[in-house]
Each structure stands twice: as structure tokens, then as C-alpha cells.
Protein chains: 2
Amino acid sequence: MASQQKTSRKAAGTAAAIRRPRARAANGGAQGGDAGDDIGLDALAGHAGYAVRRFQLWIFQDFIKTLAAADIRPTQYSVMTVIGANPGLSQMAVAKRLGIERARLVHLLDSLEERDFVSRIPSATDRRTHALHLTARGKTALAQFKRLAAEHERHVAEKIGKENREQLLQILACFT
Amino acid sequence: MASQQKTSRKAAGTAAAIRRPRARAANGGAQGGDAGDDIGLDALAGHAGYAVRRFQLWIFQDFIKTLAAADIRPTQYSVMTVIGANPGLSQMAVAKRLGIERARLVHLLDSLEERDFVSRIPSATDRRTHALHLTARGKTALAQFKRLAAEHERHVAEKIGKENREQLLQILACFT
DNA sequence: TATTGTTATACTCTATAACTATA
DNA sequence: TATAGTTATAGAGTATAACAATA
């Protein structure tokens, strides 16, 4: 399939190689090879999804950077937070609550269990399920993660403004 | 590595199998095997990143569903929109403007070129670069995509409220 | 028969590094 | 030497399907 794509691209490139007077000049001619910041995006400016995507990229990057010393990523943090607030949940319950595939949660819990942050305790009432708990070490670790996460939230407030951050949380409350 | 993980998980499970009185009872006991909606998440409620992530998932799902008939995904749409608004841009310029890896843009453009929406035109001034343009077919298609995208935006407004959507766009304007 | 946890597969996206051809 | 486009690879993340144990 890759070679097919390659072939068709090369072919298209060759065909298009019949040079034209360049409509590009209509743009001022400064944008062809330049990665300047003056590229018009008005067409995307009105799209909520684009702004939200860029914001989410920024926010996750800052979260990862701020919690890099603890080596915890956003999803791991959310899993530990939910288990810490609701000890004894099953894997299905956590997966559904966070919108994670249960197949993926298996691997997330594997790594958290390897680091001795979480433990799967067989349920006495339903032997298919595990009751999820934070270990003593996990509880201590989560407390530190939360301090770092609070620092990350301050970065967000600095970036978009304290009031704007609170408004945003209100607007999106229906998604938490 | 997989078998290592499996081994350590099984071992941890066995060791933890020494049953405890279940701290879970402190939560009301209804949450263990249940995926109910009453799982406490207060701990995550104050985190902008979590709300934004969930919102972005919803918004992308709706975008993909609304534009499914056109078979266009959000990133493809943003690429065509930028090229349409700024004909003649180089691949680097588009990649930087949209925050996409230039390596990934290659494949995105491959598929758009295969569908005859975009063409790479060799630059006369810098033979390393391609000037990107929409084909006639691409322009017609983009016009239809924009109508569908506008319908998607109406879905967003229905979901979070018309005024909230506009406020959100204002708050996140610095990320577009 | 349905559900939980698990394994496996595939596809998308992200992040790199290297290669080529140009500059 | 630096840059643009390309190729390749590895790692997350997502979406499925299937399986064993259990309900």
C-alpha cells in the first residue's frame, strides 16, 4: 500500500510539474517557503473543535511537563484519582466512568500495580471482578501528584486568565 | 515483557488475595461491581484538562459523525481549510501553522492528493518546496465540508449553549 | 446467555531519526 | 551547514474481536 501511494504521488507530482504562473503571488509571495505567523486562519477561527484541540494539546503538554518528575501522565493521574476517591471500584466501573476502554485500562493498571500504586483485590461477592484500591505508597504518591497538578492548574490560569479558567470549568461541567 | 507483566500481576494478585474487611463499605457498598453514574469525581472536577479532554472527545466524535458522508476527518478538514485560505503555502508552513509534524503531513497530503482535493506544485524559486493548492474538485468539496462543519458547530451550540460556545471561542482565541 | 478481565490485532496519532535534494 | 520533503520506526491511544472464568 505504501508503494502504491508513493507511485501515485510521484505520478501526480510529475504531471503537475508543468509549471504555472503561480497563483501564490496573490498572497504577497511571502508565504510560500515561510512559516510566518501571518497565515490567515479566519476560516478555522470560528470552529470550536480546532480551538479546543489546540488548547488540549497545550494543557496536556504542560501537565506532562509539570508532573514529569513524578513520571505520571494525565490518564494515569485520572485513574488513581478516581480509585482514591472511590476505593473498591471494579475495572469496568473505572473504565466507564473515565471513558476508557476496559482493554486499555488493563495495561494502565498493570503499570500502576508494578509501581505499587494500585492493587487489584479479588472480590468476595463476584469472583469475576477486582476491587481496586490505592496502596499505602499509592496514597502518598497521589497526594504529591495532586500538589503538582494544582501547580499545573495555576499555569492554566496564567495562560488564559483566572476568571476565564473558572468560566471554562463551569461551561464544561457537563462533561466531567 | 508481556509475560513479565503478567507474572508480576498474577503474583501481586495472589499476595493481595489475603482478604481484608473491605474499606469499600465506607462508600456505600453499591459501587464495587456497578458502573453507576454516582461515582464521585469531585477530585477531578476542578481540573481543566479533564473537562477539556472529555469535551474534545465529544466534539471530534460529533465532527466525524456529521462529516461521515463526506469521509473527512478533523485534521484533513483543517489542512484543506488552511490551503484553501492561503494557496501556495509550503508543507512546512502548513505543518507549523497547524501544529502537525511535517512527517505526518506527508501522509495526510498523500491521501488528499489521491482523492484529487489537493495538488503539490513544484516551486519555481525553491526546488525543495511544493506550493500547495486545492484542485477545482477540492474547492467544491471544501465548500460542502464547510456546510457540514457549520452543522456540527450547531450541534456544539445545542450541547453547551449558544452563548457558552461563543464565550469559549473568545477564551480560547489565543490558541487558534 | 451476559459480563469481567484479559489478550490480541489493527489503525490513528505523535515523536524521532535519518536520508535526498536542494539551498 | 542548514532546510524541505520523504521514509521508517517506535510509542501512545483508540476500536474491535475473541477467549476463559464466572454470573
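Report follows, based on the coordinates. (Residues numbered from 1 in each chain as written. Chains lettered and ligands numbered in written order. Predicted model: local features only at pLDDT ≥ 70, side-chain atom pairs only at ≥ 80, totals over all residues. Heavy atoms only, no water.)

### A word on the overall build of chain A
- A count of helical and extended segments in chain A gives eight helices and two strands.
- In chain A, the order of α-helices and β-strands from amino to carboxyl end is α-α-α-α-α-α-β-β-α-α.
- Within chain A, residue pairs in contact and separated by at least 24 positions form 52% of the contacts whose partners lie at least 6 positions apart.
- Counting only carbon and sulfur atoms, one obtains 52% of the accessible surface of chain A, whose full area is about 9000 Å². (Helix = DSSP H or I, 4+ residues; strand = E, 2+ residues; numbered from the N terminus. Contact = heavy atoms within 4.5 Å. Areas by Shrake-Rupley, 256 points an atom, 1.4 Å probe, with all protein chains shown as cover.)

### Observations regarding the pairing of strand β1 (residues 118–122) of chain A
Residue and element names in this part refer to chain A.
- Across the five residues that make up β1, a large majority, four, are buried.
- Direction of pairing for β1 relative to strand β2 (residues 130–134): antiparallel, over a ladder of five bridges. If you follow Arg-120 over to β2, its bridge partner there is Leu-132. (Buried < 20%, exposed > 50% of the residue type's maximum accessible area, 1.4 Å probe, protein only. Pairing = 2+ DSSP bridges.)

### Here we look at the packing of aromatic side chains
- Under the criterion given, the structure shown has eight aromatic pairs over all chains.
- Ring centres of Phe-175 of chain A and Phe-55 of chain B lie 4.9 Å apart, and the angle between their planes is 55 degrees; on these two criteria the pair is classed as tilted. Residue Phe-175 of chain A is located in the segment after α8 (162–171), and its partner Phe-55 of chain B is located in helix α3 (residues 48–66); the two belong to separate chains. Here Phe-175 of chain A matches Phe-55 of chain B in class, with each residue buried.
- Relative to Tyr-77 of chain B, the ring of Phe-63 of chain B lies with its centre 5.4 Å away and its plane at 65 degrees, an arrangement referred to as edge-to-face. One end of the pair, Phe-63 of chain B, is in helix α3; the other, Tyr-77 of chain B, is in helix α4 (residues 74–85), with 14 residues separating them in the sequence.
- Classification of Phe-63 of chain B by relative accessible area gives buried; the value is 6%.
- Grouping aromatic residues by their ring pairs yields a cluster made of Phe-55 and Trp-58 of chain A together with Phe-175 of chain B. (Phe/Tyr/Trp six-rings, centres within 6.5 Å; stacked < 30°, edge-to-face > 60°.)

### Side note on the layout of surface pockets
- Approximately 230 Å³ is the volume attributed to the largest pocket.
- Considering the residues around the largest pocket, the lining is formed by 14 residues, among which Phe-60, Pro-74, Thr-75 and Arg-104 of chain A together with Arg-53 of chain B are closest to the centre.
- Elements represented by at least two residues in the lining of the largest pocket include exactly α3 (48–66), α4 (74–85) and α6 (102–114) of chain A together with α3 of chain B.
- Residue composition of the lining of the largest pocket, by class: six nonpolar, four polar and four charged. (1 Å grid on protein atoms, 1.4 Å probe; cavity = no way out; pocket = protein on both sides within 12 Å on 5 of 7 lines; lining within 4 Å. Points joined across faces, edges and corners; volume = space filled by probe spheres on them. Nonpolar A, V, L, I, M, F, W, Y, C, P; charged D, E, K, R; others polar.)

### Brief notes about unusual backbone geometry
Residues and elements named next belong to chain B.
- Its identity as a non-glycine residue notwithstanding, Asp-71 has a phi of 55 degrees, on the positive side.
- Along the chain, Asp-71 turns up in the loop between α3 and α4.
- Positive phi, normally seen in glycine, also occurs at Asp-116, with a value near 60 degrees.
- Relative to the helices and strands, Asp-116 resides in the loop between α6 (102–114) and β1 (118–122).

### A short note on helix α7 (residues 136–160) of chain B
- Here α7 of chain B contains 25 residues, and its C-alpha end-to-end distance of 36 Å stays within 8% of the 36 Å for a straight helix at 1.5 Å per residue.
- In the core, the buried residues of α7 of chain B are packed alongside α3 and α8 of chain A together with α3, α4, β2 (130–134) and α8 (162–171) of chain B.
- Of the residues trailing α7 of chain B, Gly-161 of chain B is marked for its positive phi of about 100 degrees. (Expected span 1.5 Å × (residues − 1).)

### Let's talk about helix α5 (residues 91–98) of chain A
All names here are of chain A.
- With six of eight residues buried, α5 lies mostly within the body of the structure.
- Within α5, the full set of buried residues consists of Gln-91, Ala-93, Val-94, Ala-95, Arg-97 and Leu-98.
- Where α5 terminates, the next one or two residues include Gly-99, which has phi positive at roughly 70 degrees.

### What to know about the pattern of salt bridges
Residues and elements named next belong to chain B.
- Scanning the model with the defined rule gives 10 salt bridges over all chains in all.
- Across the salt bridge formed by Arg-120 and Asp-110, the nearest N and O atoms sit 3.1 Å from each other. Of the two residues, Arg-120 is situated in strand β1 and Asp-110 in helix α6; the sequence distance between them amounts to 10 residues.
- Owing to a relative accessible area of 5%, Asp-110 belongs among the buried residues under this scheme.
- Of the charged contacts, one joins Arg-128 and Asp-126 as a salt bridge, the two residues approaching to 3.0 Å between their closest N and O atoms. (Salt bridge = Lys/Arg side-chain N within 4 Å of Asp/Glu carboxyl O.)

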